[in-house]
Amino acid sequence: MNKVQEHAVQSGIDLDRLPAHIAMIMDGNGRFAQSQGFTRLWGHRKGYKTLRSVLMDSSELGIKFLTVYAFSAENWKRPKDEVDGLMELIERSMRDEIPTMLRNNVRMRVTGRQSDLPDSLQDAIRLATETTAQNTGITFVLAVNYGGRAEIVDACKSLVSEGLSADQITEEAIRSRMYTPEIPDPDLIVRTAGEMRWSNFLLYQGAYSELFVTDTTWPEFGLEQLLRAVKTFQTRRRKFGGL
């Protein structure tokens, strides 16, 4: 048992009932930065450091899949300097973190409409995903230019282009044409900064996910908040529409 697991057990967490897949809406970078008198991009850089820690803590805890909402399909509406800065930050961090992911057995996946991203970022995505493809530890899924509605639309387009009849369109047929069909549905979706919105994130996959919202902004999120989310998850009785 490692130090993170020891701390989890001391916090009352049952290591045999961990959520296999946690998804996170990393909100509040800009608000945190402004509260400290800095630019929004400074907040995003702080958020990147938080993500590194949360990924490692999740891996040590025993979480199998971690998906994070890095850039939504709607975020292109933000000021150009912020968008450009985010694209640069995502690309640089993806390249820089390859040795860390290899050292810690992390498998990298990316979900979203990647063809709309800058070419250099697409190259970084290919490099990170191909280099870590054989790793067998936690699977880290970065949602970039991602939208839940867009993903469903793209899945439907695939069904139509393949000529499936109405009788052949099932939940499994739709699921198999999503961006990352091999990733199980999230057991727990965590949102920071207190916003009570789903924000077009994993709409299909999150149909029966447990939700945990904290007022803590993403740059302030850490192991204690992660354990609190998991502990809350373990108090829930998941019925999936049953009794």
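Just above, that's the structure.
The notes below deal with the structure included here. Sequence order sets the numbering: in each chain, residues are counted from 1 along the sequence as written. Predicted model: local features are reported for residues with pLDDT of at least 70 only, side-chain atom pairs are reported and counted for 80 or more only, and whole-chain, interface and lining totals are derived from all residues. Hydrogens and water are ignored here; the side-chain numbers use all heavy atoms of the structure.

1. Some thoughts on helix H3 (residues 40-61)
Item 1. Numbered from the N terminus, helices here are DSSP runs of H or I no shorter than four residues, and strands are runs of E no shorter than two. Residue count minus one, scaled by 1.5 Å, sets the expected span of a helix. Along its 22 residues, H3 runs 31 Å from first to last C-alpha, staying within 8% of the 32 Å computed at 1.5 Å per residue.
Item 2. Exposed residues in this analysis have more than 50% of their type's maximum accessible area, buried residues have under 20%, and partly exposed residues fall in between, with area computed by a 1.4 Å probe over protein chains only. Turning to H3, its buried residues number three or more, namely Leu41, Gly43, His44, Gly47, Thr50, Leu51, Val54, Leu55, Asp57, Ser58 and Leu61. Viewed along the axis of H3, the buried residues span an arc of 165°, placing them on a single side of the element.
Item 3. Phi for Gly62, located one or two positions after H3, is positive at around 115°. Comment: arc refers to directions from the helix axis out to C-beta atoms.

2. Here we look at the side chain of Ser209
Item 1. The topology assignment puts Ser209 in the loop between strand S5 (188-191) and strand S6 (210-213).
Item 2. Within the structure, Ser209 has its side chain in polar contact with the backbone oxygen of Pro186 (distance 2.6 Å).
Item 3. Residues are treated as being in contact if the distance between any of their heavy atoms lies within 4.5 Å. Ser209 has contacts with Pro186, Asp187, Ile189 and Arg238, leaving out every residue within four places of it along the chain. Definition of a polar contact: a pair of N or O atoms within 3.5 Å, with one able to donate and the other able to accept a hydrogen when the atoms are protein atoms, and with sequence-neighbouring residues admitted only if both atoms are side-chain atoms.

3. Let's talk about the pairing of S5
Item 1. Covered by surrounding structure in S5 are Leu188 and Val190 together with Ile189 and Arg191, the residues of both alternating faces.
Item 2. For two strands to be treated as a pair, DSSP must find at least two bridges joining them. As paired strands, strand S1 (residues 21-25) and S5 are joined by four bridges and run parallel to one another. In the strand pairing of S5, Ala23 is matched with Ile189.
Item 3. Pairing geometry for S5 and S6, over four bridges, is parallel. Residue pairing across strands places Arg191 opposite Val213, the latter belonging to S6.

4. Overview of the packing of aromatic side chains
Item 1. Centres within 6.5 Å make a pair out of two Phe, Tyr or Trp rings, where for Trp the six-membered ring is used; the pair is then stacked when the planes are under 30 degrees apart, edge-to-face when over 60, and tilted otherwise. Applying the stated criterion across every chain, the model contains eight aromatic pairs.
Item 2. Ring plane angle 10° and centroid distance 6.0 Å describe the contact between Phe32 and Trp42, whose orientation is recorded as stacked. One end of the pair, Phe32, is in helix H2 (residues 29-35); the other, Trp42, is in helix H3, with 10 residues separating them in the sequence.
Item 3. With a relative accessible area of 24%, Trp42 lands in the partly exposed category.
Item 4. When the centroid spacing of 6.0 Å and the interplanar angle of 75° are considered together, the rings of Tyr69 and Tyr146 count as edge-to-face. A residue pair is termed long-range when its members are at least 10 positions apart, and Tyr69 in strand S2 (residues 65-72) and Tyr146 in strand S4 (residues 139-146) qualify at 77 residues.
Item 5. Residue Tyr69 is classed as buried on the basis of its relative accessible area, which comes to 8%.
Item 6. On the basis of relative accessibility, which here comes to 0%, the residue Tyr146 falls in the buried class.
Item 7. Chaining the aromatic ring pairs together yields one cluster made of Tyr69, Tyr146, Tyr179 and Phe201.

Coordinates in, geometry out; function isn't part of it.
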